[in-house]
Every structure is written in C-alpha cells, then in structure tokens.
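# Chains, contacts and geometry: an overview
Chain by chain, the residues:
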Amino acid sequence: MSIDISLNINGESHDLTVDPTETLVSILRDRLGMTGTHKDCCMGICGSCTVLVNGRPVSSCLLLAVQINGDSVRTVEGLENNGTLSPLQEAFLTFGAVQCGYCTPGFLMTATALLEENPKPNCAEIVDALKGNLCRCTGYKKIIEAVQAVANA
Amino acid sequence: MSDCRFTAAKTVEEAVASLAEARGEAHIIAGGVALAILMNEGLLQPSWLIDVSRVTELNCIEVGDDGAIRIGAAVTHSEVAASTDIAASCPMLTEMATEIACGRVMNRGTIGGNICLADPQGDPPVAMLALDATFRVAGPSATRDVPARSFFEDLYTTALAEDELLQEVIIAAPTAGCGTAFGKYAARKAMDYSSTISAAVSLERDPGDGSIADIGIGLGGCGVIPIWPEMTETLLRGRRLNDETFAVMRDVLVQEIEPIGDSLYSADYKRHVASVILKRTLKIAEQRSVAGKGGGS
C-alpha cells in the first residue's frame, strides 16, 4: 500500500508517496539523500538518528513517516543558516566535541531542542537531556562543555 | 512497497471497527517505538497498521471531581511526566514517567502502548499494579473494565481480545494520608533494559501506631510479566517498616518473584536487587505518607 504524505523538512515542503512501514530515517537518507541523520542501532538505543519533529527530539529509526503526515521535521542539515554554522555547531568545533563524528548529528539535535526549551540549562540538566545519546569515542565531557558554553554565552 | 494496509483512525469507534474487520491480522500502533523495533529487526511484517496516535479521545489527561485520574492510552510518557494535575495527585506516576528510557523515547512512547506491550521490564505496568488501576477497554459492541492486576497474563500477553483496544487507564483518587513512590535500579542511567528492576508502592498507615494499614506494590524485571506480589503485600500489612520487617519481607519476596537471569545479571542477583529497591521505595512512600496529603512530599 502506498500513501501520500507531506512533510515540512527544514522549512521546505516535501510531498512523498510512502509505504506504511517506512521509517523517517530511511526516507531522509535513502529517498531524499539527507545523510546527515545517521542510522545505527535501529532500536532507539544509541540516539544517532535523533531529529526534531514539531520541535521535540525523536528517534527517526522508530518513527513511521506515515504517522507524521503534515508535521515539521528538523534535521542536522537545517542547523546552519546560509553556510553559517549554528552557535552550537561552532561550539562543538571549538571544544573538540567531535571525534569520529558518527554520534554528532544526534547530539546536536538533542542539545538544540534542550537549548530552545531551556536556554540556560545547568550541567545536571544538560547531562540529563543527553543521557540517551551514546558516544563511543567517549567524548561526553567535551560535548557537555560545548553545550554549556552556548548556554553561558 | 509492502502490502501493509494503513488506517489513520480518527475515533476509537473507527479503530475498533478496523480491528474487527482485520480479524486478528492488524496491529494497533500509537508511538510506534516498540513495533518499529520488531519491524527493524525483521521479527514483524505487519499486514495492517491501525494508527491511534491522533485519536483525540485517547490523548486526554483528566482529573475528575472524585479525584480519579484518567489517562488516555495514546498519551505520551512526556505528557504524563509534564502533567501538573498528575504530579499534584499522584507523584509516583510523574517519577515513573520521567525515568522511562530517555526524552526522545518519552516523546513518542505512550502509556497505553507500553501497557499493551506488557514487557516485564516496562515501568507503567508496575505503577498500574501498585495503584490498583482499572483499564477501560473498547470492543466492537461495548467497553469493559479490566483490573490492572488481572491484565497481564503471560510474556507479552494480556487480557485484551484481538478486537479490543485499550482506551484509558483509570486511577482512583489516592486516599488522604496515602504515600506513593517509584524506584528503579538500572546499570545505565538511560535506555537500560536487561538489568532494570523497578518497584512502585502506594501505602497507607494506621494513624494510631503507624503500621501499614493498606499497601499496593508492583514490580518490574521480576518475572515474565509485571509482578503484583500479593504475598509480600499480605506480609507487610499490619507491620511497621523496620529492619526486622525488611528481613522477613526479603525472605518472602525472593520466593515470590522469578526474575529472568541472563548472561550479565543472574536471577539471584536480580532477586537481591529487587529486595533492595523495594525496601528503598517503601521507605520513601512511608515518609510521604506522614505528610498525609495523598502522596505529596
């Protein structure tokens, strides 16, 4: 069965014909070529596929696109503005919060949602917000410092 | 393209009608966080998905004039955690929802989906058992009420018939002086699964001698279903919480539960952790019961 849906992705409207079983991460990566959203565990555990749907972080590997017809999606590609990185992306570079980079888009989206909801989080709030994202290069300290720097700016 | 059908239900009636038409071949999907794992792993190829995530009547939280809390089945864990009504009348539910997985799962996962999945490691069923909640179930011709304490039948198996849909959970108003608490042990702070042991407690104390007048307990990670430990409850009634009580309780509890051991955490280890977590949670519920305001701290 194919179903027509419409998604607003990073401010741009996309009309798509999808299978009910297609996940959002597959559509982003395989159909739209937006490979910034990473696909890893496919079980909701690692956080690398985190995107924002209507402003809130979700696992795009566990989300059937057909269920969010009409919703707005933000991915890591939407963070920069006309070639200028967001303050959070800049802070990740400044603090060396990127090692292999695989987990980075997920951390960026989770932290972006945190900062939009709570612009001045304390360290405990940052750690709590990021607790569902895994970094296998063990770079948590620098990631937390980068988010803290944006909060303190 | 798969040959999976998809129905975006707008009402409970429409969802139940589709279930009846599907004759056991459909899956209800709300947040999708559990079903999508099975689909990604190749364990489930659904032939019909009935989406109830946008059914308005399943998305409400209400506290009635009688103080009873009604939570629609498609209410997300984030919405439960953020509800000031729930926090005011039953803080244990807020604690429970706040500790589920992590934010991005809380934003999609629903209380009804979690209950119907009936995973023995799940948190909402544990709270429902302790609170003696009632599950309102919609069927093709009528609704019926199923007590949480008889809902969980076997591993991933519930009292729901194939043409029935969980509509809402109903939690009676906590009586004055009742204290509630939710406690959990997990090796990883977020997203833990196999090591997780959880306990939910609702208790009332005798105003005279401070002994336990009534108690409800639910336990997660302690068997193939979420556990309602009746023997342990019976033992605790009429006793005061002290070292002697906890020692006797441990002996009864470890007999009453049958955790699933795995390569990392043996069943005996989980029995031990369960007794520790239950003890800690009982103490918190007892402290809150002193305040005598329906579980607030």
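Everything numeric in this text was worked out from a predicted model, so none of it was measured.

## Overview of the overall build of chain B
The helix and strand tally for chain B stands at 11 helices and 13 strands. Overall size of chain B, expressed as C-alpha extent along the three principal axes, is 65 × 50 × 30 Å. Residue pairs in contact within chain B that sit at least 24 positions apart in sequence constitute 63% of those at least 6 positions apart. Only carbon and sulfur atoms are counted for the fraction: they give 49% of the accessible area of chain B, which is about 12,500 Å². In chain B, the 25 positive side-chain charges and the 40 negative ones have mean positions that sit 6 Å from each other.

## Quick look at the domain arrangement of chain A
Residues and elements named next belong to chain A. Considered domain by domain, chain A is made up of domain 1 (3-76) and domain 2 (87-152). Computed over C-alpha atoms only, the centres of domain 1 and domain 2 are separated by 21 Å. Listed as interface residues are 16 residues of domain 1 and, on the opposing side, 15 residues of domain 2. For the domain 1 and domain 2 pair, buried surface summed over both sides reaches about 1,200 Å², with 59% attributable to carbon and sulfur atoms. One can count one salt bridge joining domain 1 with domain 2. Of the charged contacts in the structure, one is a salt bridge between Glu116 and Arg74, with a shortest N-O distance of 2.8 Å. In this structure, the connection of domain 1 to domain 2 is made through five residue pairs in polar contact (both at pLDDT 80 or more). The element best represented in the side of domain 1 that touches domain 2 is strand 3 (residues 50-53), accounting for three residues.

## Some details on the pairing of strand 12 (residues 197-205) of chain B
The side chains of a regular strand alternate, residue by residue, between the two faces of the sheet. All names here are of chain B. The buried fraction of strand 12 amounts to seven of the nine residues, a majority that puts the element mostly inside the structure. Inspection of the sheet shows strand 11 (residues 179-185) paired to strand 12 by seven bridges, in the antiparallel sense. Across the sheet, residue Lys184 finds its bridge partner in strand 12, namely Ser198. Looking at chain direction, strand 12 and strand 13 (residues 212-220) are connected through eight bridges and run antiparallel. Bridge pairing in strand 13 places Glu204 opposite Asp214. Between strand 12 and strand 13, which pair antiparallel and follow one another directly, the connecting turn spans six residues, one of which, Gly210, has a positive phi of 80°.

## Some remarks on the domain arrangement of chain B
Residue and element names in this part refer to chain B. Domain parsing of chain B yields domain 1 (5-51), domain 2 (56-171) and domain 3 (179-291). Taken together, the contact between domain 2 and domain 3 spans 29 residues of the former and 29 residues of the latter. Interface area for domain 2 against domain 3, summed over the two sides, is near 2,200 Å², with a carbon-plus-sulfur share of 61%. Viewed at the interface, domain 3 and domain 2 are joined by two salt bridges. Across the salt bridge formed by Asp123 and Lys184, the nearest N and O atoms sit 2.6 Å from each other. The interface formed by domain 2 and domain 3 contains seven residue pairs in polar contact (both at pLDDT 80 or more).

## Structural notes on the packing of helix 2 (residues 87-94) of chain A against helix 5 (residues 140-152) of chain A
All names here are of chain A. Interaxial distance between helix 2 and helix 5 falls to 9 Å at its minimum, and their mutual angle equals 135°. In this view, helix 2 runs oblique relative to helix 5, as classed from their interaxial angle. Between helix 2 and helix 5 lies a crossing whose hand is right-handed. In contact with Pro87, Leu88, Ala91 and Phe92 of helix 2, helix 5 contributes Ile143, Ala146, Val147 and Val150.

## What to know about the packing of aromatic side chains
The geometry of two aromatic rings is summed up by the distance between their centres and the angle between their planes. Residue and element names in this part refer to chain B. Overall, the coordinates contain five aromatic pairs over all chains when judged by the stated rule. Between the aromatic rings of Phe135 and Phe151, the centroid separation amounts to 4.9 Å while the plane-to-plane angle is 90°, which identifies the pairing as edge-to-face. Of the two residues, Phe135 sits in strand 6 (residues 134-138) while Phe151 sits in the loop between strand 7 (143-147) and strand 8 (152-154), which places them 16 residues apart along the sequence. Of the residues examined, Phe135 reaches a relative accessible area of 0% and is grouped as buried. With a centroid separation of 6.3 Å and an interplanar angle of 85°, the aromatic rings of Phe135 and Phe152 are classed as edge-to-face. Taken together, the residues span a long stretch of sequence, with Phe135 in strand 6 and Phe152 in strand 8 at a distance of 17 residues. Like Phe135, the residue Phe152 is buried in the burial classification. The structure contains a cluster of three or more aromatic residues connected by ring pairs, namely Phe135, Phe151 and Phe152. Cation over ring: Arg5 sits above Trp48, and NZ or CZ is 3.7 Å from the ring centre.

Rules of the game
- Within every chain, residues take consecutive numbers counted from 1 along the sequence as written.
- Starting at A for chains and at 1 for ligands, labels are handed out in the order in which the entities are written.
- Per-residue local features of the predicted model are confined to residues with pLDDT of at least 70, and side-chain atom pairs are confined, for both listing and counting, to 80 or more; whole-chain, interface and lining totals are unaffected and use all residues.
- Derived side-chain values reflect all non-hydrogen atoms in the structure, with water molecules and hydrogen atoms excluded from consideration.
- By definition, any uninterrupted DSSP run of H or I lasting at least four residues is a helix, any uninterrupted run of E lasting at least two residues is a strand, and each is numbered from the N terminus.
- The criterion used for residue contact is that any of the two residues' heavy atoms lie within 4.5 Å.
- Accessible areas in this description were obtained via Shrake-Rupley with a 1.4 Å probe; residue shielding takes into account the shown protein chains only.
- Lys and Arg are tallied as positive, Asp and Glu as negative. Neither His nor the chain termini are counted.
- The location of each charge is read from NZ of Lys, CZ of Arg, CG of Asp or CD of Glu.
- Each domain span listed reflects an automatic or database assignment of domains.
- The term buried area denotes the loss of accessible surface (1.4 Å probe radius) that occurs when two parts are joined, taken as the sum for both partners.
- Think of a salt bridge as a Lys or Arg side-chain nitrogen and an Asp or Glu carboxyl oxygen that are within 4 Å of each other.
- Within 3.5 Å is the distance limit for a polar contact, defined as a pair of N or O atoms, with the added protein rule that one can donate a hydrogen and the other accept it, and that residues adjacent in sequence qualify only through two side-chain atoms.
- Here the term buried applies to any residue with accessible area under 20% of the maximum for its type, exposed to any over 50%, and partly exposed to those in between, with areas from a 1.4 Å probe on protein chains only.
- Following DSSP output, two strands are said to pair if at least two bridges run between them.
- Only C-alpha atoms enter the line fits that serve as axes; for helices the fit covers just the stretch in contact. Angles between N-to-C directions range over 0 to 180 degrees.
- Any angle between 65 and 115 degrees counts as roughly perpendicular, while under 35 counts as roughly parallel, over 145 as roughly antiparallel, and the rest as oblique.
- Here is the rule for handedness: rotate from the far helix to the near one, and if that takes an anticlockwise turn smaller than a right angle the crossing is left-handed, while a clockwise turn gives right-handed.
- Ring pairs are drawn from Phe, Tyr and Trp, using the six-membered ring of Trp, whenever the two centres fall within 6.5 Å, and their geometry is named by plane angle: stacked under 30 degrees, edge-to-face over 60, tilted for the rest.
- By definition here, charges over rings are those cases where NZ of Lys or CZ of Arg is within 6 Å of the ring centre and within 35 degrees of the ring normal.

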